[in-house]
Amino acid sequence: MSQTRKRMVEIGAQLLRRKGYAATSLVEIVEEGGLPRGSIYHHFPHGKPQLAAEAIKYASAEVARDMLDVAARASSAPEAVAIYVNLLAERLERSGFADGGWYATTAMDVAGTEPALAEALNDEFRRW
């Protein structure tokens, strides 16, 4: 994956977490990264749904890594849940309560309107 494409996916994941699918634009993603507008359709010829699907996979992989890390540190399931909830609370506080759970924000936006993205979210939920 090229650095430009990777950066677009990372920024897309950040904006989906903060604003959801409907309020995140491709132009905003490239402007946030200081990337040329022409890179949008060069890297994502199918547009916003394609970029969002990759951002969902990227963000999901981060969640999975966090879950594995928490599971390795915890001595019991209740302790793992407590550690994970504290991790999420710390991140939410660090963001000034702007960054919620990307999956919830995005899922609410795409339910019933973007079946391919809803399915991508479902795939990641099953993977967890």
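That block above? That's the structure.
1. What about the pattern of salt bridges?
Point 1. Under the counting rule described, the total for this entry stands at 12 salt bridges.
Point 2. Arginine 126 is the partner of aspartate 123 in a salt bridge, and the nearest nitrogen-oxygen pair spans 2.6 Å. One end of the pair is aspartate 123 and the other is arginine 126, both in helix α7 (residues 115–127) and 3 residues apart, which spans about a single turn.
Point 3. Taking the relative accessible area as the measure of exposure, aspartate 123 reaches 37% and is therefore partly exposed.
Point 4. Put simply, Lys6, Arg7 and Glu10 are held in one network by salt bridges that share partners.

2. Quick notes on a nonpolar patch on the surface
Point 1. Together, Met67, Phe125 and Trp128 line one region of the surface with nonpolar side chains, adding up to about 240 Å² of accessible area.
Point 2. With respect to the helices and strands, the residue phenylalanine 125 is situated in helix α7.

3. Some words on the packing of helix α1 (residues 3–19) against helix α2 (residues 26–33)
Point 1. Direction vectors running N to C along α1 and α2 enclose 120°, while the axes themselves pass 9 Å from each other. Two packed elements cross with a definite hand, and for α1 against α2 that hand is right-handed. Across from Arg7, Met8, Ile11, Gly12, Leu15 and Lys19 in α1, the residues of α2 making contact are Glu28, Ile29, Val30, Glu32 and Gly33.
Point 2. The residue makeup of the contact of α1 with α2, split by class, is 5 nonpolar, 2 polar and 4 charged.

4. Quick look at the packing of aromatic side chains
Within a pair of aromatic rings, the relevant descriptors are the distance that separates the centres and the angle that separates the planes.
Point 1. If you walk through the whole model with that rule in mind, you get 1 aromatic pair.
Point 2. With a centroid separation of 5.5 Å and 65° between ring planes, the pair formed by phenylalanine 125 and tryptophan 128 is classed as edge-to-face.
Point 3. If you follow arginine 5 out to its NZ or CZ, it ends over the ring of phenylalanine 44, 4.4 Å from the centre.

5. A closer look at helix α5 (residues 77–94)
Point 1. Taking 1.5 Å per residue, 18 residues should reach 26 Å; α5 reaches 26 Å between its end C-alpha atoms and fits that length.
Point 2. Three or more residues of α5 are buried, namely Ala80, Ile83 and Tyr84. All buried residues of α5 fall inside an arc of 95° around its axis, so they share one side. Facing away from the buried side of α5 by over 90 degrees, the exposed positions are Pro78, Val81 and Glu93.

6. Points about the layout of surface pockets
Point 1. Of the pockets and cavities examined, the largest pocket occupies roughly 340 Å³.
Point 2. Around the largest pocket, the lining comprises 16 residues; the ones closest to its centre are Arg17, Leu88, Arg91, Asp99 and Gly100.
Point 3. Where the lining of the largest pocket is concerned, the elements lending two or more residues are α4 (48–73), α5 and α6 (102–110).
Point 4. Grouping the amino acids of the lining of the largest pocket by side-chain chemistry returns 8 nonpolar, 3 polar and 5 charged.

7. Some words on the environment of arginine 94
Point 1. When you line up the elements, arginine 94 lands in helix α5.
Point 2. Overall, arginine 94 belongs to the exposed group, its relative accessible area being 64%.
Point 3. Sequence spacing of arginine 94 and threonine 105 is 11 residues, and the spatial spacing of their C-alpha atoms is 18 Å.

What counts as what
Residues numbered from 1 in each chain as written. Predicted model: local features only at pLDDT ≥ 70, side-chain atom pairs only at ≥ 80, totals over all residues. Heavy atoms only, no water. Salt bridge = Lys/Arg side-chain N within 4 Å of Asp/Glu carboxyl O. Helix = DSSP H or I, 4+ residues; strand = E, 2+ residues; numbered from the N terminus. Buried < 20%, exposed > 50% of the residue type's maximum accessible area, 1.4 Å probe, protein only. Patch = residues over 30% accessible without salt bridge, like charges linked within 9 Å, V, L, I, M, F, W, Y side chains within 5 Å. Areas by Shrake-Rupley, 256 points an atom, 1.4 Å probe, with all protein chains shown as cover. Axes fitted to C-alpha atoms, helices over the stretch in contact; angles between N-to-C directions. Left-handed = near helix turned anticlockwise from the far one by under 90°. Contact = heavy atoms within 4.5 Å. Nonpolar A, V, L, I, M, F, W, Y, C, P; charged D, E, K, R; others polar. Phe/Tyr/Trp six-rings, centres within 6.5 Å; stacked < 30°, edge-to-face > 60°. Lys NZ or Arg CZ within 6 Å of the ring centre and 35° of its normal. Expected span 1.5 Å × (residues − 1). Arc of directions from axis to C-beta. 1 Å grid on protein atoms, 1.4 Å probe; cavity = no way out; pocket = protein on both sides within 12 Å on 5 of 7 lines; lining within 4 Å. Points joined across faces, edges and corners; volume = space filled by probe spheres on them.

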